[in-house]
Amino acid sequence: MEAYSPTMQFALGATMIGYVGLMFAIAWVAQRRVKNQTDYLVAGRRLNLSLAWMTLMATWFGAGTMLVVADDVRTEGLRAAALDPLGAGFCLLLAGWLIAGKMWRAQILTVPDLFAQRFGKRSEFVCSCIMIPSYFGWIATQLVALGTMLELIFGMPLAIAILIIAVVTTAYTLMGGMWSVTLTDAVQVILLLAGLVILTISVVWQLGDGNPSIGAHRLFADAPEGHWDLIPTETSAVFLAWTGLLVVGALGNLPGQDLMQRIFAAKSAKVARNACLIAGGVYLTFGAIPIVLAAGAGSLFPDDIEKGVLPALAHAFLSPVMCAVFVVVLLSAVMSTIDSAILAPAGILSKNLLGPRLSVDPLTLNRWCVIAVACCSLIAAYSGKTAYELLEEAYAITLVGLFVPMMFALYTKPKRELPAVASMIVGIGIWSFHFVAGWESFLSGIDAIGNWELPVSLVATFTGLITYLFFDSNWLRRR
């Protein structure tokens with residue numbers, strides 16, 4: 001791929017600055033609606049269906065699908081889409097079917113509030129301690145991916161690019177909280193969907209020399225053998241690893257505060273449920289576009305790009321003006337995810353951990369917590385891990401630690417706090433041990449017992465379930 005010319009770089013830079021200015025203008029207007037903590041964290045519970053599903057869509061449709069997974073699909077094929085968008089899209093659908101209505105009717109502000117209601121204060125504390133760090137990796141994923149794109153286009157050092165993105169997104173999140181995030185998300189998701197459609201039409205049109213059907217056929221036919229296989233079946237180990245990623249994506253973020261925050265912000269349980277279902281359907285539909293384009297791009301760019309397959313496609317197949325617009329679309333997609341991901345753990349930190357222990361104005365404390373979360377995420381972004389590793393870790397933490405007790409809280413009437421606390425500690429403990437040891441599958445580092453090739457996240461979640469049932473058993477309760 002040819003380098004971006006100085007004229008193109010100037011046009012892109014000017015367009016990006018104008019776009020960021022628009023986001024700040026929206027955030028400035030949004031902050032007038034913020035009167036208390038409920039306004040700041042869940043937009044006063046006043047989101048209609050359109051705003052609710054668009055902010056859900058924009059929150060998740062970011063660097064994971066557009067940049068990180070797309071690059072992996074270009075080299076590995078469709079199998080790399082198990083975590084995102086396949087798993088993430090199913091997660092939104094499951095949220096609508098299983099938990100949205102129940103969570104909205106609880107009339108709470110955070111997921112740890114549910115644990116406090118159903119189990120007790122100790123479970124609220126443990127839940128908060130698990131959930132807050134889980135977002136650092138997800139935010140870092142977005143920062144690294146978008147920073148890499150700016151490095152590719154403008155040649156700026158990656159560390160500087162990451163810092164600029166973090167400062168900009170944190171600044172307008174500070175201004176209006178959930179209202180800022182929601183209103184800017186509505187603009188960003190419209191740009192995103194339009195940009196994907198335009199890029200797809202342009203690619204298939206030019207590949208087919210004006211005949212879209214020929215272009216689409218070439219896109220599919222020229223890909224390497226096996227590139228279009230969604231489910232790998234070479235060995236049982238490969239299939240189990242793929243299944244583990246799919247489960248992590250589909251169930252891992254069900255307890256996520258970013259998802260629940262939008263459910264809480266809906267104006268009714270019906271709106272919350274339908275918003276999840278619409279967002280899930282749109283996510284899977286439009287999430288297929290960058291993945292298919294990236295899979296076909298393996299033949300178009302076999303050797304000459306290392307990162308940024310979608311920017312490369314835009315540069316090759318769009319006019320300079322449309323290329324500039326599409327790059328801004330990518331920018332908006334990632335920024336919409338970053339601001340939402342920063343606000344979610346900040347709300348937990350202020351509401352569930354620091355708020356009960358500090359005599360500080362809740363709104364002021366929320367804003368300080370936004371800054372704290374952004375700083376911790378910057379440290380994670382500078383840790384040197386790849387964006388895909390950070391993304392997988394972010395989903396896995398909430399799955400192994402919180403999924404089991406949250407489902408029991410919603411579908412049973414818990415009588416004791418100990419089962420929830422024990423389940424969280426055991427699940428996160430098993431996962432953390434393997435993470436620190438660097439073992440990719442369950443007990444893979446112990447040669448004496450052989451490699452069982454079981455995904456750690458699935459084993460840790462199942463063990464958490466057994467732990468909950470054991471401590472909740474009638475036999476143990478009598479003692």
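Note: the structure precedes this text.
Visitor: Looking at this structure, how should I read the overall build of the chain?
Guide: Counting its regular elements, the chain contains 19 helices and zero strands. When contacts within the chain are restricted to residue pairs at least 6 apart in sequence, those whose partners lie at least 24 apart make up 82%. Put simply, the chain shows about 18,600 Å² of open surface, and 66% of that area lies on carbon and sulfur atoms. Computed over 28 positive and 29 negative side-chain charges, the separation of the two mean positions in the chain equals 22 Å.

Visitor: It is not clear to me how empty space enclosed by the protein should be interpreted in this structure. Could you clarify?
Guide: Over the atoms a probe the size of a water molecule is rolled, and this reveals where empty space is left. Summed over the entire model, instances satisfying the criterion amount to two cavities of 30 Å³ or more. Size it by volume and the second largest cavity reaches roughly 40 Å³. If one sorts the elements of the lining of the second largest cavity by residue count, helix α14 (residues 320–354) sits on top with four residues. Considered class by class, the residues forming the lining of the second largest cavity number seven nonpolar, one polar and no charged.

Visitor: Would you mind showing me how to read the environment of Leu67 here?
Guide: Note on placement: Leu67 falls in helix α4 (residues 63–76). Judged by relative accessible area, Leu67 falls into the buried class, the value being 5%. Separated by 306 residues in the primary sequence, Leu67 and Val373 have C-alpha atoms spaced 23 Å apart.

Visitor: Just to check I follow, could you spell out the packing of aromatic side chains for this structure?
Guide: Across all of its chains, the model carries seven aromatic pairs by this definition. Each ring, one from Phe408 and one from Tyr468, has its centre 4.0 Å from the other, and the planes form 10°; the classification is stacked. With Phe408 in helix α16 (residues 387–411) and Tyr468 in helix α18 (residues 456–471), this residue pair connects regions lying 60 residues apart in the sequence. Tyr468 shares its class with Phe408; the two are buried. Among the aromatic residues, those joined into a cluster by ring pairs are Phe115, Phe119, Phe408 and Tyr468. Its end group placed over the ring of Trp179, Arg33 keeps NZ or CZ at 4.5 Å from the ring centre.

Visitor: Quick question: what am I supposed to make of the pattern of salt bridges here?
Guide: Close approach of charged atoms allows side chains of opposite charge to pair. Scanning all chains against the criterion turns up four salt bridges. Two residues, Asp39 and Arg46, come together in a salt bridge whose shortest N-O distance is 3.7 Å. Overall, the relative accessible area of 8% leaves Asp39 in the buried class. Accessibility expressed as a relative area gives 48% for Arg46, which makes it partly exposed.

Visitor: Looking at this structure, how should I read the packing of helix α11 (residues 257–265) against α14?
Guide: Contact pair α11 / α14: the axes reach a minimum separation of 8 Å and the direction vectors enclose 85°. In terms of axis orientation, α11 runs roughly perpendicular to α14. For the pair formed by α11 and α14, the contact residues are Gln257, Asp258, Gln261 and Arg262 on the first element and Ser340, Leu343, Ala344 and Ile348 on the second. Class assignment of the residues belonging to the contact of α11 with α14 gives a composition of three nonpolar, three polar and two charged.

Visitor: Explanation requested: helix α8 (residues 158–207) in the structure shown.
Guide: Residue pairs spaced three or four apart in an α-helix point in one direction, given the helix's 3.6 residues per turn. Across its 50 residues, α8 extends only 33 Å between first and last C-alpha, which sits more than 12% below the 74 Å expected from 1.5 Å per residue. Its axis deflected by about 120° at Gly176, α8 carries its strongest bend there.

Visitor: When you look at unusual backbone geometry in this model, what are you seeing that I'm missing?
Guide: Most peptide bonds adopt trans geometry, and most residues besides glycine take a negative phi value. In this model, Asp84 is joined to Pro85 through a cis peptide bond whose omega is 15°. Topologically, Pro85 is positioned in helix α5 (residues 82–105). Positioned with a positive phi, Ala43 is a non-glycine residue whose angle comes to about 50°. Mapped onto the secondary structure, Ala43 falls in the loop between α2 (37–42) and α3 (49–60). Phi is positive for Arg45, close to 55°, though the residue is something other than glycine. Looking at the element boundaries, Arg45 is found in the loop between α2 and α3. Accessibility expressed as a relative area gives 17% for Arg45, which makes it buried.

Visitor: So what exactly am I meant to see when it comes to helix α15 (residues 362–381) here?
Guide: The end-to-end C-alpha distance of α15, which contains 20 residues, comes to 28 Å, matching closely the 28 Å that a straight helix rising 1.5 Å per residue would cover. Among all positions in α15, only Leu363, Leu365, Asn366, Cys369, Val370, Val373, Ala374, Ser377, Leu378, Ala380 and Ala381 are buried.

Visitor: Help me out: how do you make sense of the environment of Ile348 in this one?
Guide: Looking at the element boundaries, Ile348 is found in helix α14. By relative accessible area, Ile348 is classed as buried at 0%. Placed 239 residues apart in sequence, Ile348 and Leu109 show a C-alpha to C-alpha distance of 8.7 Å. Among all residues touching Ile348, those that are not within four sequence positions of it are Thr110, Pro112, Ser128, Met131, Ile132, Gln257 and Leu353.

Visitor: When you look at the nonpolar core in this model, what are you seeing that I'm missing?
Guide: Taken as a class, soluble globular proteins show a tendency for nonpolar side chains to be buried jointly. Within the largest apolar cluster, 170 residues are counted, with the highest numbers of intra-cluster contacts made by Met66 and Leu259. Excluding its chain neighbours within four sequence positions, the residues that come into contact with Leu259 are Leu56, Trp60, Leu92, Ala95, Asn253, Leu254 and Cys276. Counting residues in hydrophobic clusters, the runner-up holds five residues, among them Leu86, Trp242, Leu245 and Leu246.

Visitor: Whenever I open this one, the side chain of Gln261 confuses me. Can you help?
Guide: Its place among the elements puts Gln261 in helix α11. Using a relative accessible area of 1% as the deciding quantity, one classes Gln261 as buried. A polar contact of 2.8 Å, which involves the side chain of Gln261, links it to the backbone oxygen of Leu41.

Reading the values: rules and limits
Residues numbered from 1 in each chain as written. Predicted model: local features only at pLDDT ≥ 70, side-chain atom pairs only at ≥ 80, totals over all residues. Heavy atoms only, no water. Helix = DSSP H or I, 4+ residues; strand = E, 2+ residues; numbered from the N terminus. Contact = heavy atoms within 4.5 Å. Areas by Shrake-Rupley, 256 points an atom, 1.4 Å probe, with all protein chains shown as cover. Lys, Arg positive; Asp, Glu negative; His and termini not counted. Charge placed at Lys NZ, Arg CZ, Asp CG, Glu CD. 1 Å grid on protein atoms, 1.4 Å probe; cavity = no way out; pocket = protein on both sides within 12 Å on 5 of 7 lines; lining within 4 Å. Points joined across faces, edges and corners; volume = space filled by probe spheres on them. Nonpolar A, V, L, I, M, F, W, Y, C, P; charged D, E, K, R; others polar. Buried < 20%, exposed > 50% of the residue type's maximum accessible area, 1.4 Å probe, protein only. Phe/Tyr/Trp six-rings, centres within 6.5 Å; stacked < 30°, edge-to-face > 60°. Lys NZ or Arg CZ within 6 Å of the ring centre and 35° of its normal. Salt bridge = Lys/Arg side-chain N within 4 Å of Asp/Glu carboxyl O. Axes fitted to C-alpha atoms, helices over the stretch in contact; angles between N-to-C directions. Parallel < 35°, antiparallel > 145°, perpendicular 65-115°, else oblique. Expected span 1.5 Å × (residues − 1). Bend = angle between axes of the 7 residues up to and from the residue. Core = buried A, V, L, I, M, F, W, Y, C linked by side-chain atoms within 4.5 Å. Polar contact = N/O pair within 3.5 Å; in protein donor to acceptor, adjacent residues only side chain to side chain.

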